[in-house]
Amino acid sequence: MTSSLDQWRANARAAEETGRQVRRLYNIAYRVAPIGHLLASPDATTNDVAYATARIPRAVSAAARILALPGVADHAETPYARSFINAAERTLKGTSTRLLITANGARAAAAQAAHERDDLRSVLFTDIEQRCRNLVARPRDRRDRADREASDSVLALAAQWGLHHGGPGASNRAISGEPAVPHYVAHEVARRAEIRARCTAGIRCTRNACLEYGAVWAEDSTGAHVFLCLSCIPVENADRVARGFAPTIRPVPDGVPASARYVVFLYNGSGRGGEEVSCDTAQEAQFVAETMRPFNNTGHHIRVALAR
Ligand SMILES: [Zn+2]
């Protein structure tokens, strides 16, 4: 009688201990689920991905240690907890993670290329980033063969250009030979080369009837500044006289100081919002004004910012 009571107590203690370990498993499962969801977001940043790729494997090994304890694997509530952990692990090893790592790498590389005025890489890497994020945004249950092929092809293109997804089986060396350039990227690069060529003359005259490149920085007696070409300054002054104002527009003496910067304000022509881009030269500012389109209807205004 005593021995069976002892046995009953031992069993109760064992069951209690198993229950405690299953609760630990649930704690891990509930913590890892939202971390796995980070990797399903098309906007996941480098930090998000780094956090998830560090945390999920740790959660998986902690779960494996708990599952190895007596009675835990067979416990009735264990499969539900495991489903969260398995889902996070599947996401980590899935294509979305590789696409996000590639997208974030492409974004950094595109910013670097834009800084170096490398139009080919800037356009190509921006395109790779967008394609990767669009694929991550596709609902998981609606991804089809075309999506898988599109993923393979953008990841292969990225690898050719030295952008590595760092996922399982990732190669860390660039593929030899001439890397591919998609036709529409080449087209956009050629368009930019044309724009760069015409921007070598400088900023465009702001008179709509003119729009000649190579405008000078002009001012009026109120201290307002405007970019006008030399032939438009007298025309603009005549307009002012006709409207009853003093014809005081003249080129700013000594022009734009070498230490000044050109600030391009890009505004939403049919909505709210705007952003500023600061440039070293008039050529770069005019190029930015003609190529950056953050809004559907982007308007621009270029001003000179004097060094303080
Ligand atoms: Zn003009």
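As the structure is a computational prediction, the values presented were derived from the model and not from experiment.

1. Examining the overall build of the protein
A tally of helices and strands in the protein yields nine helices and six strands. Taking 19 Å as the expected radius of gyration for a compact globule of 308 residues, we find that the protein reaches 31 Å, considerably beyond that expectation. Along the first, second and third principal axes, the C-alpha set of the protein runs to 115 × 50 × 35 Å. Out of the 308 residues belonging to the protein, those deemed buried represent 25%. Across the protein, contacts joining residues at least 24 apart in sequence account for 60% of those joining residues at least 6 apart.

2. Some points on the packing of helix α4 (residues 95-115) against helix α5 (residues 119-137)
At a minimum axis separation of 8 Å, α4 and α5 run at an interaxial angle of 155°. In terms of orientation, α4 lies roughly antiparallel with respect to α5. Between α4 and α5 lies a crossing of left-handed hand. Where α4 abuts α5, its residues Ser-96, Leu-99, Leu-100, Thr-102, Ala-103, Ala-106, Arg-107, Ala-109, Ala-110, Ala-113 and Ala-114 lie against Arg-121, Ser-122, Phe-125, Thr-126, Ile-128, Glu-129, Cys-132, Arg-133, Leu-135 and Val-136. When its residues are assigned to classes, the contact of α4 with α5 shows 13 nonpolar, four polar and four charged.

3. So, the domain arrangement of the protein
Split into domains, the protein comes out as domain 1 (2-93) and domain 2 (201-305). Taken over C-alpha atoms, the centre of domain 1 sits 62 Å from the centre of domain 2.

4. Overview of the sheet that holds strand β3 (residues 250-251)
Read across the open sheet, the three strands follow the order β2-β1-β3; overall the sheet is antiparallel. Strands at the two margins of the open sheet, each flanked by one partner only, are β2 (225-228) and β3. This element, helix α8 (residues 232-242), spans β1 (216-219), β2 and β3 of the sheet and lies at about 125° to β2.

5. Here we look at the packing of helix α2 (residues 46-67) against helix α3 (residues 78-93)
Here α2 crosses α3 at 140°, and the two axes come no closer than 10 Å. Comparing the axis directions of α2 and α3 gives the class oblique. Crossing handedness for the pair α2 and α3: left-handed. Packed against α2, whose contacting residues are Ala-52, Thr-53, Ile-56, Ala-59, Val-60 and Ala-63, the element α3 presents Ile-85, Ala-88, Glu-89 and Leu-92 at the interface.

6. Things to note about the sheet that holds strand β5 (residues 274-279)
A sheet is described by the order of its strands in space; here three strands give the open sequence β5-β4-β6, paired in antiparallel fashion. Unpaired on one side and paired on the other, β5 and β6 (298-305) mark the two borders of the sheet. Sheet twist, expressed as the average angle between the axes of neighbouring strands with direction ignored, equals 20°. Judged from the eight bridges that link them, strand β4 (residues 261-268) and β6 form a sheet pairing that is antiparallel. Paired with Leu-266 across the strands is His-300, a residue of β6.

Here is what the cut-offs are and how they apply
- Residues numbered from 1 in each chain as written.
- Predicted model: local features only at pLDDT ≥ 70, side-chain atom pairs only at ≥ 80, totals over all residues.
- Helix = DSSP H or I, 4+ residues; strand = E, 2+ residues; numbered from the N terminus.
- Rg over C-alpha atoms; globule rule 2.2 N^0.38 Å.
- Buried ≥ 20, exposed ≤ 12 C-beta atoms within 10 Å, placed from the backbone.
- Contact = placed C-beta atoms within 7 Å.
- Axes fitted to C-alpha atoms, helices over the stretch in contact; angles between N-to-C directions.
- Parallel < 35°, antiparallel > 145°, perpendicular 65-115°, else oblique.
- Left-handed = near helix turned anticlockwise from the far one by under 90°.
- Nonpolar A, V, L, I, M, F, W, Y, C, P; charged D, E, K, R; others polar.
- Domains from an automatic or database assignment.
- Pairing = 2+ DSSP bridges.

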